[in-house]
Amino acid sequence: MTVEVNAQLVAKNIHDLQDRLAQLSQDRDVRIVAVTKGFGVDAPRAALAAGLTMIGENYAQELVSKHEELSPAERERIEWHFLGRLQRNKVRSLAPIVSVWQSVDRIELIDEIARRAPGAKVMIQLNLSEEPQKGGAPILEGPALVRHARSVGLDVVGLMGVGSAGDPTDSAAAFGELVALADGLGLSERSIGMSDDLEVAVAQGSTMVRVGTGLFGARAPRDGV
Ligand SMILES: *Cc1c(COP(=O)(O)O)cnc(C)c1O
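No experiment lies behind these values; they were computed from the predicted model shown. (Residues numbered from 1 in each chain as written. Predicted model: local features only at pLDDT ≥ 70, side-chain atom pairs only at ≥ 80, totals over all residues. Heavy atoms only, no water.)

## A closer look at the packing of aromatic side chains
Step number 1: Applying the stated rule across the entire model yields one aromatic pair.
Step number 2: Residues phenylalanine 39 and phenylalanine 216 carry aromatic rings whose centres are separated by 5.5 Å and whose planes lie at 45° to one another, so their mutual orientation is tilted. In this pair, phenylalanine 39 is assigned in the loop between β1 (31-35) and α2 (42-49) and phenylalanine 216 in helix α10 (residues 213-216), connecting sequence segments 177 residues apart. Here phenylalanine 39 and phenylalanine 216 have matching classes, each one buried. (Phe/Tyr/Trp six-rings, centres within 6.5 Å; stacked < 30°, edge-to-face > 60°. Helix = DSSP H or I, 4+ residues; strand = E, 2+ residues; numbered from the N terminus. Buried < 20%, exposed > 50% of the residue type's maximum accessible area, 1.4 Å probe, protein only.)

## A look at the site of the ligand
Step number 1: For the ligand, the full set of nearby residues is Val35, Lys37, Asn58, Leu83, Val162, Met194, Ser195, Arg210, Val211, Gly212, Thr213 and Arg219.
Step number 2: At a separation of 2.6 Å, an oxygen atom of the ligand approaches a polar side-chain atom of asparagine 58.
Step number 3: Within the backbone of glycine 212, one N or O atom sits 2.9 Å away from an oxygen atom of the ligand.
Step number 4: For the ligand, whose accessible area on its own is 390 Å², the fraction buried by protein is 89%. (Near = heavy atom within 4 Å. Polar contact = N/O pair within 3.5 Å; in protein donor to acceptor, adjacent residues only side chain to side chain. Areas by Shrake-Rupley, 256 points an atom, 1.4 Å probe, with all protein chains shown as cover.)

## Describing the nonpolar core
Step number 1: Leu94, Trp101, Ile113, Ile124, Leu215 and Phe216 are the most contacted members of the largest nonpolar core, which totals 67 residues.
Step number 2: The residues contacting leucine 94, other than those within four sequence positions of it, are Ala60, Leu63, Val64, Phe82, Leu86 and Trp101.
Step number 3: Core analysis: the next-biggest nonpolar cluster, separate from the first, contains seven residues, Val33, Met54, Val100 and Met208 among them. (Core = buried A, V, L, I, M, F, W, Y, C linked by side-chain atoms within 4.5 Å. Contact = heavy atoms within 4.5 Å.)

## Description of helix α8 (residues 172-185)
Step number 1: Between its first and last C-alpha, α8 extends 20 Å over 14 residues, near the 20 Å set by a 1.5 Å rise per residue.
Step number 2: Of all the residues in α8, the buried ones are Ala172, Ala174, Phe175, Gly176, Leu178, Val179, Ala182 and Leu185.
Step number 3: Lining the buried residues of α8 we find β5 (121-126), α7 (142-151), β6 (155-161), β7 (189-191) and α9 (198-204).
Step number 4: Two residues or fewer after α8 comes glycine 186, characterised by a positive phi angle close to 70°. (Expected span 1.5 Å × (residues − 1).)

Right under this line is the structure:
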């Protein structure tokens with residue numbers, strides 16, 4: 001089940017968010033990944049029409065089916081970012097499509113991506129909330145995963161993290177830790193901040209926010225998630 005989006009409203013939301021980000025970051029460049037999970041192919045289309053090209057998805061099958069519905073010209077422009085918990089056996093079907101693998105959090109996934117998509121751009125996802133059911137590696141394992149990914153030829157572009165649910169200010173310290181670690185490892189991208197906590201994330205040094213509901217509205221509930 002998918003919810004329809006209103007392309008005009010999405011364009012307005014995108015422009016408003018761009019203005020807000022410019023203010024919050026004092027004109028430092030903070031880019032937007034439009035997160036289209038739970039919406040149909042009209043969501044990435046609306047984002048593209050409004051000038052965004054980085055589109056994020058959490059589920060392999062949903063990403064592949066949206067990709068297949070797009071025209072060749074649209075596919076050409078889109079840069080798909082994979083954000084969700086990733087099973088090793090899904091890497092193969094995603095490899096020809098995904099541009100940036102943001103949710104890489106373990107050795108076996110690094111090795112499989114290196115095998116199926118040599119030299120691909122990846123981010124190492126850190127578990128900032130320390131809730132074990134959430135994706136991401138423990139912060140302490142971040143440096144070793146970055147080194148491993150580099151050693152097998154992947155292009156490690158940054159670190160990714162999801163703030164804890166609840167009061168966004170609770171995530172400030174963990175966002176700051178991720179940014180400091182990225183600095184120490186020479187990684188330029190810090191993918192932190194979603195609809196509800198992007199302000200805190202940008203204040204801590206986010207270079208990339210991942211925004212779904214803030215652009216497209218409420219998602220359809222997903223069975224079993
Ligand atoms: C769903 C999701 C987002 C977008 O969340 P919103 O609250 O809709 O902005 C960003 N990042 C990840 C990893 C997600 O799963």
